[in-house]
Each structure stands twice: as C-alpha cells, then as structure tokens.
Amino acid sequence: GENVEQHPSTLSVQEGDSAVIKCTYSDSASNYFPWYKQELGKRPQLIIDIRSNVGEKKDQRIAVTLNKTAKHFSLHITETQPEDSAVYFCAAFLDMRFGAGTRLTVKP
Amino acid sequence: DSGVTQTPKHLITATGQRVTLRCSPRSGDLSVYWYQQSLDQGLQFLIQYYNGEERAKGNILERFSAQQFPDLHSELNLSSLELGDSALYFCASSPSGQSNTEAFFGQGTRLTVV
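Scope of this entry: the structure provided in the associated data block. (Residues numbered from 1 in each chain as written. Chains lettered and ligands numbered in written order. Predicted model: local features only at pLDDT ≥ 70, side-chain atom pairs only at ≥ 80, totals over all residues. Heavy atoms only, no water.)

Examining the packing of aromatic side chains
The relation between two aromatic rings is expressed through the spacing of the ring centres and the mutual angle of the planes. Scanning the model with the defined rule gives 12 aromatic pairs over all chains in all. Pairing A:Tyr25 with A:Phe33 gives two aromatic rings, centres 4.8 Å apart and planes at 45°, and the pair type is tilted. Each member of the pair, A:Tyr25 as well as A:Phe33, carries the same accessibility label: buried. Three or more aromatic residues link up through ring pairs in this structure, and these residues are A:Tyr36, A:Phe89, A:Phe98, B:Tyr35, B:Phe45, B:Phe90 and B:Phe105. (Phe/Tyr/Trp six-rings, centres within 6.5 Å; stacked < 30°, edge-to-face > 60°. Buried < 20%, exposed > 50% of the residue type's maximum accessible area, 1.4 Å probe, protein only.)

Right, here's the structure in full:
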C-alpha cells in the first residue's frame, strides 16, 4: 500500500506567522491529495485537497502545493490564528492511508 | 454534520468481550472506511468496503472483522477485547470505490475496555 510520511510531528508558531507541513508519498499512481484538520475530540474534516493535474491550490489563508516528480506535497497556512490549533493529516489517497499527523499550536 | 452516522457514541466493556460498532454512510455513498485512533495517535486504516464487497485491507487484527450490508451500512466487530483496543473508531464514506474524492467522517465511537 501507499506509504505517506508527514513532517513535522509537532509545530508551534506565533499568531500571525505562517505554518508549513510537508508530506511525501511513495506510489506514483496516487492522484488525489487531501488535507484534514482534526480538533480535539472531534472528527477529521477536509480543509483542502489537490489533484495530480494541478500544482497549487489556494483557499483564503490555506494553500497546498504538489510536486509529483519529487512525490511531495505541502500545506501552507498564512496569518495563523489560535483557532488553527489542531492536528492536521495528509493523505495520498490511493488506499485511504493518512500520514501520522502534525499537531499545530498557534500561540496568541 | 457530515451525514455519516456512527452508533454508539460511547461504549465501555470488559476485556474478553465482543462489541459491534455501526456506521451509516452518507446517502448515495457506496464506500465505507474504518479507522482506529488511539490516544494522541494517527488514523490507522483498518478496512474498506465498496458496495458490499471488501475493497482494501489495512492493519486490521484477526480479532476484528467487518461487513457492509445491502443497505450499505457497515458494522465493525471487535472480539476478545484487550485493554489496548481502547480507542476512537471512525468510519468514513465516499461516493465511489476509487480513492480520489473527499471522504466524510462520522463522529466516531469511543471504545473503552476495562
């Protein structure tokens, strides 16, 4: 199955700074790359996704970039706010396997 | 509300027992996925069903089994429970069997084995 590596495992930033989370995958057949946000005790929810025919996608303060040649994709959050604090999961959705998650803490 | 319903929300049981977790997918979704999330851990993929058939298998123990019924709801059966099986169990659903669309998660079932 697909192997997805996610880094860093924890990330702490000051409010207003940017945060970047990176994922690498192994199977070149993967063509769909979603990012999910999970707040404490709640269900994971999709925040942004990208398909293999696109290199970058942006939605307000959130963006995702994809490099298919290098098999990595990244989540970028700008102007972070305390409510961005959560665990973020990436996936290369060939077989619904997620990365290990990144715990983001935004300090006010 | 994602449209995916999981019951029960909480379950407390003793070691050695057997439990059944239930998942109703969003209307029209044919795929159901099961995940296990232990405390402060990631989402461990257990198994996927598509239109009643097993589609993919992950790190599912032999003591665990699942099925998807003709009405597309799914059940995850956990037997000979151990303390380490305590976790949050999520199911998710998506429209197709191909993993190229958003998956919607239920609220989860929190299982505590004592």
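Right, picking up where we left off after that structure.
A few points about the interface of chain A and chain B
Opposite the 18 residues of chain A that make contact, chain B presents 21 residues. For the pair chain A and chain B, the summed buried surface comes to about 1,700 Å²; carbon and sulfur atoms form 53% of the total. Summed over the shared surface of chain A and chain B, the result is zero salt bridges. One can count four residue pairs in polar contact (both at pLDDT 80 or more) joining chain A with chain B. Going through the elements one at a time, β4 (32–38) and β5 (45–51) of chain A are the ones with two or more residues in the side of chain A that touches chain B. At three residues, the largest contribution of residues to the side of chain A that touches chain B is made by β4(A). (Contact = heavy atoms within 4.5 Å. Buried area = accessible area lost by both parts, 1.4 Å probe. Salt bridge = Lys/Arg side-chain N within 4 Å of Asp/Glu carboxyl O. Polar contact = N/O pair within 3.5 Å; in protein donor to acceptor, adjacent residues only side chain to side chain. Helix = DSSP H or I, 4+ residues; strand = E, 2+ residues; numbered from the N terminus.)

What about the layout of surface pockets?
Size it by volume and the largest pocket reaches roughly 450 Å³. For the largest pocket, the lining is made up of 25 residues, of which A:Val87, A:Arg103, B:Gln37, B:Asp40 and B:Gln41 are closest to its centre. Secondary structure elements with two or more residues in the lining of the largest pocket: β9 (86–90) and β10 (102–107) of chain A. Looking at the lining of the largest pocket, the element that brings in the most residues is β10(A), giving four residues. Considered class by class, the residues forming the lining of the largest pocket number eight nonpolar, 12 polar and five charged. (1 Å grid on protein atoms, 1.4 Å probe; cavity = no way out; pocket = protein on both sides within 12 Å on 5 of 7 lines; lining within 4 Å. Points joined across faces, edges and corners; volume = space filled by probe spheres on them. Nonpolar A, V, L, I, M, F, W, Y, C, P; charged D, E, K, R; others polar.)

Some details on the state of the cysteines
By definition, a disulfide is the covalent link that joins the sulfur atoms of two cysteine residues. Enumeration over the complete set of coordinates arrives at two disulfides over all chains. What pairs with A:Cys23 in a disulfide is A:Cys90, and their sulfur atoms sit 1.9 Å apart. In this structure the cystine formed by A:Cys23 and A:Cys90 twists about its S-S bond by roughly -100°; its chirality is therefore left-handed. Of this pair, A:Cys23 sits in strand β3 (residues 19–25) while A:Cys90 sits in strand β9, placing them 67 residues apart in sequence. Its relative accessible area of 0% is what places A:Cys90 among the buried residues. Note on cysteine connectivity: B:Cys23 is disulfide-linked to B:Cys91, with sulfurs 1.9 Å apart. Taking the torsion about the S-S bond as the criterion, the B:Cys23 to B:Cys91 disulfide, at about 70°, is right-handed. Remark: B:Cys91 occurs in strand β9 (residues 87–94) and B:Cys23 occurs in strand β3 (residues 19–24); sequence separation between them is 68 residues. The exposure class assigned to B:Cys23 is buried, which follows from its relative accessible area of 0%. The exposure class of B:Cys91 is buried, given its relative accessible area of 0%. (Disulfide = S-S within 2.5 Å.)

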